[in-house]
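Listed below are the residues making up each chain.
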Amino acid sequence: GDGPLVGYAVRNGAAGFGRSGHGVSIAPSNGADFITAGEDSNWKVKWGSWAGGTMMVAGRSAAGPVHVIDSEMKTLPAQLATLTASGVKGSYSYSGNGSVANFQGTPGTIQKLDVGVDFGKQMISSYALEAKVVGDWKASGSGSFAQFTGASGIQLTGTCAGCNPGNGTPTASGTAHGAFVGDAAQKMITSFGLTSAGKAMSGAALLDKK
């Protein structure tokens, strides 16, 4: 996919639904401001969030901040093919750079984000996320490179302790998108969105290769 990775939420009545996307349309208006959270100039990665005003993402009205991350040094298909031919495996972990919030705008923290990659099989073998965003969210998933970097993303499932206080730990579901960065996929950028018990969270992050 082309364009930035996006993590966002939409609202249906009082409920929120987390989403992620790659290269989807983003249309800010009515005073929406982009807040630059940071950048890694060595890898030409920038991330931040749109907040306030009115935000349309993929043709739908977004609730809360819209998280965006992108790089001018995404791994090219020919470069990725070299890694695929070698059959190597890799793992990536959260670098400490990114942002996450719920659909009401309350910021949270990414506590863990580890991604396992099988370049030979062109698979995201594992995607494990833990975040505290009002509730304690845990989710995991897997899928093909084509899904992860394309339109659909990979499916995530998990739980959110605290999303439905007094009623146990409801299930959570959502998606994650991503892209490799660097001539040898030295970095990864990703966005994610999750829903649980009418609550939603979303975010974006930069990962380092171990």
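Since the structure is predicted, the reported quantities are computational estimates derived from the model, not experimental observations.

Calculation notes
- Residues numbered from 1 in each chain as written.
- Predicted model: local features only at pLDDT ≥ 70, side-chain atom pairs only at ≥ 80, totals over all residues.
- Heavy atoms only, no water.
- Helix = DSSP H or I, 4+ residues; strand = E, 2+ residues; numbered from the N terminus.
- Buried < 20%, exposed > 50% of the residue type's maximum accessible area, 1.4 Å probe, protein only.
- Contact = heavy atoms within 4.5 Å.
- Areas by Shrake-Rupley, 256 points an atom, 1.4 Å probe, with all protein chains shown as cover.
- Lys, Arg positive; Asp, Glu negative; His and termini not counted.
- Salt bridge = Lys/Arg side-chain N within 4 Å of Asp/Glu carboxyl O.
- Polar contact = N/O pair within 3.5 Å; in protein donor to acceptor, adjacent residues only side chain to side chain.
- Core = buried A, V, L, I, M, F, W, Y, C linked by side-chain atoms within 4.5 Å.
- Disulfide = S-S within 2.5 Å.
- Pairing = 2+ DSSP bridges.
- Axes fitted to C-alpha atoms, helices over the stretch in contact; angles between N-to-C directions.
- Arc of directions from axis to C-beta.

Topic: the overall build of the protein
When helices and strands are tallied, the protein shows two helices and 16 strands. Taken over the C-alpha atoms alone, the protein extends approximately 50 × 40 × 25 Å along its principal axes. Split into buried and exposed, the 210 residues of the protein put 47% on the buried side. Summarising the internal contacts of the protein: among those between residues at least 6 apart in sequence, 57% fall at separations of at least 24. Of the accessible surface of the protein, which amounts to about 9000 Å², a share of 50% is contributed by carbon and sulfur atoms.

With respect to the side chain of D118
Counting through the fold element by element, D118 comes out in strand 10 (residues 109-118). Of the side chains with opposite charge, K89 lies nearest to the buried D118, which makes no salt bridge, at 4.1 Å. At 3.1 Å, the side chain of D118 and the backbone nitrogen of G120 are in polar contact. At a separation of 3.0 Å, a polar atom in the side chain of D118 contacts the main-chain amide nitrogen of K121. When residues no more than four places from it in sequence are discounted, the contact partners of D118 are V88, K89, M123, S125 and F145.

Points about the nonpolar core
Core analysis: the biggest nonpolar cluster contains 32 residues, and I124, Y127, F180 and F192 have the highest contact counts within it. By residue number, the principal contributor to this core is strand 11 (residues 123-133), which donates five residues. Judged by nonpolar contacts, the second largest core, of ten residues, contains L5, W43, V45 and A179.

Brief notes about the state of the cysteines
Going through the model one piece at a time under the given rule, you end up with one disulfide. C160 shares a disulfide with C163; S-S distance 2.0 Å. Since a negative S-S torsion denotes a left-handed disulfide, the C160-C163 link at about 70 degrees is right-handed. Looking at C160, the relative accessible area reads 0%, which means it is buried.

Regarding the sheet that holds strand 16 (residues 199-209)
Taking strand neighbours around the barrel as the criterion, the eight strands line up as 9-10-11-12-13-14-15-16 in a closed arrangement whose pairing is antiparallel. Pairs of neighbouring strands in the sheet enclose a mean axial angle of 25 degrees, with direction left out of account. Looking at chain direction, strand 9 (residues 89-102) and strand 16 are connected through nine bridges and run antiparallel. By the bridge assignment, Y94 is partnered in strand 16 with L207.

Side note on the pairing of strand 4 (residues 33-40)
Looking at chain direction, strand 4 and strand 5 (residues 45-51) are connected through seven bridges and run antiparallel. Across the sheet, the residue bridging to T36 is G48, located in strand 5. The turn linking strand 4 back onto strand 5 is made up of four residues, and K44 within it adopts a positive phi angle of 50 degrees.

Some details on helix 1 (residues 77-86)
Taken together, the buried positions of helix 1 are occupied by L80, L83 and T84. Buried positions in helix 1, seen along its axis, are confined to an arc of 105 degrees and lie on one side of it. In helix 1, those exposed residues whose orientation departs by more than 90 degrees from the buried face are A78, T82 and A85. As for helix 1, its buried residues are in contact with helix 2 (145-149) and strand 14 (171-181). Immediately downstream of helix 1, the backbone of G87 shows phi near 70 degrees, a positive value.

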